[in-house]
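Structural features, examined
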Amino acid sequence: MTKYLPLITATNQQSQVVLFIGTGSNVSTQENQRACSLTVKRLHKVLDSGATPIVINPSHPSHIDTIEQEFKPLEIDIKIINRQIDSSDLTTLGRPITQGIVDRIFINLASDHVHLISSLYQQCIKLRIPINTYQQPKYSTFHIIPTYTDPGGSGLQISITTNGKGYILDERIKRDIVNNLPSNISDIISNMGLLRDQLLQSQYNINNSLLYDKDTSTSLPELGYGLDNDPWDSHKFNQFIEEDSDQSQCQSDQRQLDQKYRRSRWLSQIMEYYPLSQLDKISLKDLDSLNDDNSSNGSSSPSISISPPSTKGSISLVGSGPGSISMLTLGALHEIKNADLILSDKLVPQTVLDLIPLETRVIIAKKFPGNAERAQNEFLSLGLDALQQGLHVVRLKQGDPYIFGRGGEEYLWFNERGFKPLVIPGLSSSLASTVVAQIPATQRGVADQVLICTGTGRKGILPQVPEYVKTRTTVFLMALHRAEVLQKTLLEGKWDPEVPLAIVERASCPDQRVTRTKLKYLSQVVEEIGSRPPGLIVIGHSISQLVTTDLKDFTDSITHHIDEGFHDVDVDLSISYN
């Protein structure tokens, strides 16, 4: 049976009318809030696309206030029709140019409206109106997929879909792609667009007839440098163009066209092959200089210094810190750059792994639930084999090797076999995470001690939890996956259910997430937000010291607050390592 995949396109919605039917659940306050927040997010996306949204049949009276309060500060008046949807609305609320038919529909009604949803879907099919019904693919002709939009305004959008196979993997893939883009990606795209426009204008001015001539109007895409994306894969992309030092040799009209537009061909070659991070500096003058016989070949590419392999087996236990390369020590960076083999924890962030030279062999630990001991033994054997071959081995660990990283065990194991490890400390996530989450682990009059615990002991058993001390900040590593058990154990141990709590995930990474709540809501919040490893739990009154009132007063209806993202400092790693 043939399996068809959806056709992904970028749709121009400017001036279109988008109808929102329903705004979510009307069962409970918490579900109401979550459902309406989805509608608000989609309203923002529709407005950003240049379309005009209309909300009809709000699912709950409070949703009207929520929408109005969201957009009033932006001076945006969302049209809300507070009545039941009628089938005629699909053909009367649209633009005059479409004879009243709306351009797109989002449905977010409770599941008990299935007959209404089915009827609206059938009508949309007949009228060819794209329709999306929340969490009901059966009644949808399109779906919203995770999309990154460049905040720099370059026009870059990156959308990812696994068409239902990857579940939340779509979002992670999107984050990984975005996090690996050059920091100057906005300037790169804007500059390439400007350069293309300058080339086209220049070529129009040279000879308008060449572009508008009946026989040559399709030559640009056929030559492999058209304006749409599809033709760029043309087999003529690298087609030979004869040097034109002797213009008298150019006999054919096609050859003249080739020569006229070879700067466009050169631009396409630059886009395809030049280092991406350097494309923001290319100018029209650079392309013109290629015609100059006396021009140089351009600036030389930066050389890469590669250290020779070690002749004596050695091993380092290296802490990579919480994730940000600005928190990576110079000692750790030196070891990473000079390793022959790197045995890395699976939680070491991609930003750190990207610093590893391409020629260095890297093995990532397979420490999945139920496989930790086997994976650890495999790493020990791999490290010993490499050492016996005279290689320099780096055991790369997230955080600090000696803070729940088995560093002590590995030191003893290799030392007993004749290889004394060099230990490079790293910033432990247990303390660095409190800083990036705006939590003073200690504060006079509030917290006079810090305790670091693990939520996962030997063989995965929850260790004995400490007693509650009001003036202590307690950090639980590797505990999110058993939040419910931890919460139950702490409350049974007479911990204050009202004590502030913070969940810090992927600390100091671009996709860092800090969730503030109270101990009594821990399991409920974790179930709602999911998990973004590596993560930890911080409990104590110091959590509330640097935040405003709305970030520390939680109720049964507002159980938590989330802060997304971490803005790192720029770090210059252009250092020669010998």
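Residues numbered from 1 in each chain as written. Predicted model: local features only at pLDDT ≥ 70, side-chain atom pairs only at ≥ 80, totals over all residues. Heavy atoms only, no water.

Points about the overall build of the protein
Note the threshold: What counts as a helix is a DSSP run of H or I of at least four residues, what counts as a strand is a run of E of at least two, and both are numbered from the N terminus. Note on areas: Shrake-Rupley, 1.4 Å probe, and residue coverage restricted to the protein chains presented here.
Within the protein, the regular secondary structure consists of 17 helices and 18 strands. Surface exposure of the protein reaches about 32900 Å², of which carbon and sulfur atoms provide 51%.

Notes on the packing of aromatic side chains
Pairs of aromatic rings are described using the distance from one ring centre to the other and the angle between the two planes. We count it as follows: Each aromatic pair joins two rings of Phe, Tyr and Trp (for Trp, the six-membered one) with centres within 6.5 Å, and gets the label stacked for planes under 30 degrees apart, edge-to-face for over 60, and tilted for any other angle. Between buried and exposed lies partly exposed: a residue is buried under 20% and exposed over 50% of the maximum accessible area for its type, with that area taken using a 1.4 Å probe on protein chains only. Charge-over-ring placement is defined geometrically: NZ (Lys) or CZ (Arg) within 6 Å of the ring centre, and within 35 degrees of the ring normal.
Enumeration according to the criterion identifies six aromatic pairs in this entry. With 5.1 Å between their ring centres and 20° between their planes, Phe 20 and Phe 106 make a pair best called stacked. Here the residue Phe 20 occupies a position in strand 1 (residues 17-21), and Phe 106 occupies one in strand 4 (residues 104-107), the gap between them amounting to 86 residues. Considered together, Phe 20 and Phe 106 belong to a single accessibility category, that of buried residues. When the ring of Tyr 121 is compared with that of Tyr 139, the centres are 5.7 Å apart and the planes differ by 70°; the resulting orientation is edge-to-face. One end of the pair, Tyr 121, is in helix 3 (residues 114-127); the other, Tyr 139, is in the loop between strand 5 (131-133) and strand 6 (147-149), with 18 residues separating them in the sequence. Judged by its relative accessible area of 10%, Tyr 139 is buried. Here the aromatic residues Phe 20, Phe 106 and Phe 142 are joined through ring pairs into a cluster of three or more. Over the face of the ring belonging to Trp 413 we find Arg 417, whose NZ or CZ atom lies 3.8 Å from the ring centre.

Description of the sheet that holds strand 4
Threshold: When DSSP finds two or more bridges between a pair of strands, those strands are recorded as paired. Between the N-to-C directions of two axes lies an angle of 0 to 180 degrees, each axis being a line fitted to C-alpha atoms and, for a helix, fitted only over the stretch in contact. It only takes one pair of heavy atoms within 4.5 Å for two residues to be counted as in contact.
Here five strands make up an open sheet; going across it, the order is 3-2-1-4-5 and the pairing parallel. Since the sheet does not close on itself, it has two edges, and those belong to strand 3 (79-81) and strand 5, each with one partner. Adjacent strand axes in the sheet meet at a mean angle of 20° when their direction is disregarded. Judged from the five bridges that link them, strand 1 and strand 2 (residues 52-56) form a sheet pairing that is parallel. Bridge pairing in strand 2 links Val 17 to Thr 52. On the sheet, helix 3 packs against strand 1, strand 4 and strand 5 and is oriented at approximately 160° with respect to strand 5.

A look at helix 13 (residues 372-388)
Residues spaced three or four apart along an α-helix point in a common direction, a consequence of the helix completing one turn every 3.6 residues. To keep it simple, the criterion reads: Expected helix span is taken as 1.5 Å per residue step, with the number of steps being one fewer than the number of residues.
The end-to-end C-alpha separation of helix 13 is 25 Å, in line with the 24 Å expected for 17 residues at 1.5 Å each. Within the sequence span of helix 13, burial applies to Ala 375, Gln 376, Phe 379, Leu 380, Gly 383, Leu 384, Ala 386 and Leu 387. Structurally, helix 13 contributes buried residues whose contacts are with strand 8 (314-319), strand 9 (341-344), strand 10 (361-364), strand 11 (392-397) and helix 14 (407-416). With its phi angle positive at about 85°, Gly 390 sits one or two positions after the end of helix 13.

Here's the deal with the sheet that holds strand 18 (residues 561-564)
Strand order across the open sheet formed by six strands is 13-14-17-15-16-18, with mixed pairing between neighbours. Here the strands that pair on one side only, and so sit at the sheet edges, are strand 13 (449-454) and strand 18. When strand polarity is set aside, the average angle formed by the axes of neighbouring strands in this sheet is 20°. Sheet analysis places strand 15 (residues 500-505) next to strand 17 (residues 535-539), joined by five bridges and oriented antiparallel.

Digging into unusual backbone geometry
The linkage connecting Pro 533 with the following residue, Pro 534, adopts the cis geometry, with an omega of -5°. Along the chain, the position of Pro 534 falls in the loop between helix 17 (522-529) and strand 17. Positioned with a positive phi, Arg 128 is a non-glycine residue whose angle comes to about 60°. As for its placement among the helices and strands, Arg 128 is situated in the loop between helix 3 and strand 5. When its relative accessible area of 77% is taken as the criterion, Arg 128 is described as exposed. Phi angles above zero are rare outside glycine, and Lys 494 is one such case at about 70°.

Some words on the confidence of the model for the protein
Heads up, the condition is: pLDDT gives the predictor's per-residue confidence on a scale running from 0 to 100.
Of all residues in the protein, 80% have pLDDT values of 70 or greater, and the mean over the chain is 83. Element-level pLDDT for the protein is lowest in helix 7 (residues 219-223), with a mean of 42, against a maximum mean of 98 in strand 1. Segment residues 206-227: pLDDT under 50, and 44 contacts once partners within four positions in sequence are set aside and those in other chains are kept.

A short note on the side chain of Ser 542
What counts here: Throughout this description, a polar contact denotes any pair of N or O atoms lying within 3.5 Å of each other; where both atoms belong to protein, one of them has to be capable of donating a hydrogen while the other can accept it, and for residues adjacent in sequence the pair is counted only when both atoms sit in side chains.
Tracing the sequence through the fold places Ser 542 in the loop between strand 17 and strand 18. A polar atom in the side chain of Ser 542 sits 2.9 Å from the side chain of Thr 473. For Ser 542, the contacting residues outside a window of four places in its chain are Ile 439, Pro 440, Ala 441, Val 446, Ala 447 and Thr 473.

A few points about the packing of helix 13 against helix 14
For the record, the criterion: Angle categories are assigned with fixed cut-offs, so that under 35 degrees is roughly parallel, over 145 is roughly antiparallel, 65 to 115 is roughly perpendicular, and the rest are oblique. Handedness of a crossing is defined here by the sense of rotation of the near helix relative to the far one, left-handed for an anticlockwise turn of less than a right angle and right-handed for a clockwise turn. For this classification, the nonpolar set comprises Ala, Val, Leu, Ile, Met, Phe, Trp, Tyr, Cys and Pro, the charged set comprises Asp, Glu, Lys and Arg, and every other residue, Gly included, is treated as polar.
Where helix 13 meets helix 14, the closest approach of the two axes is 11 Å, and the angle between their N-to-C directions is 40°. Here helix 13 is positioned oblique relative to helix 14, judged by the angle of their axes. Of the two elements, helix 13 crosses helix 14, and the hand of that crossing is right-handed. On helix 14, the residues that touch Gln 376, Leu 380, Gly 383, Leu 384 and Leu 387 of helix 13 are Glu 410, Trp 413 and Phe 414. Class assignment of the residues belonging to the contact of helix 13 with helix 14 gives a composition of five nonpolar, two polar and one charged.

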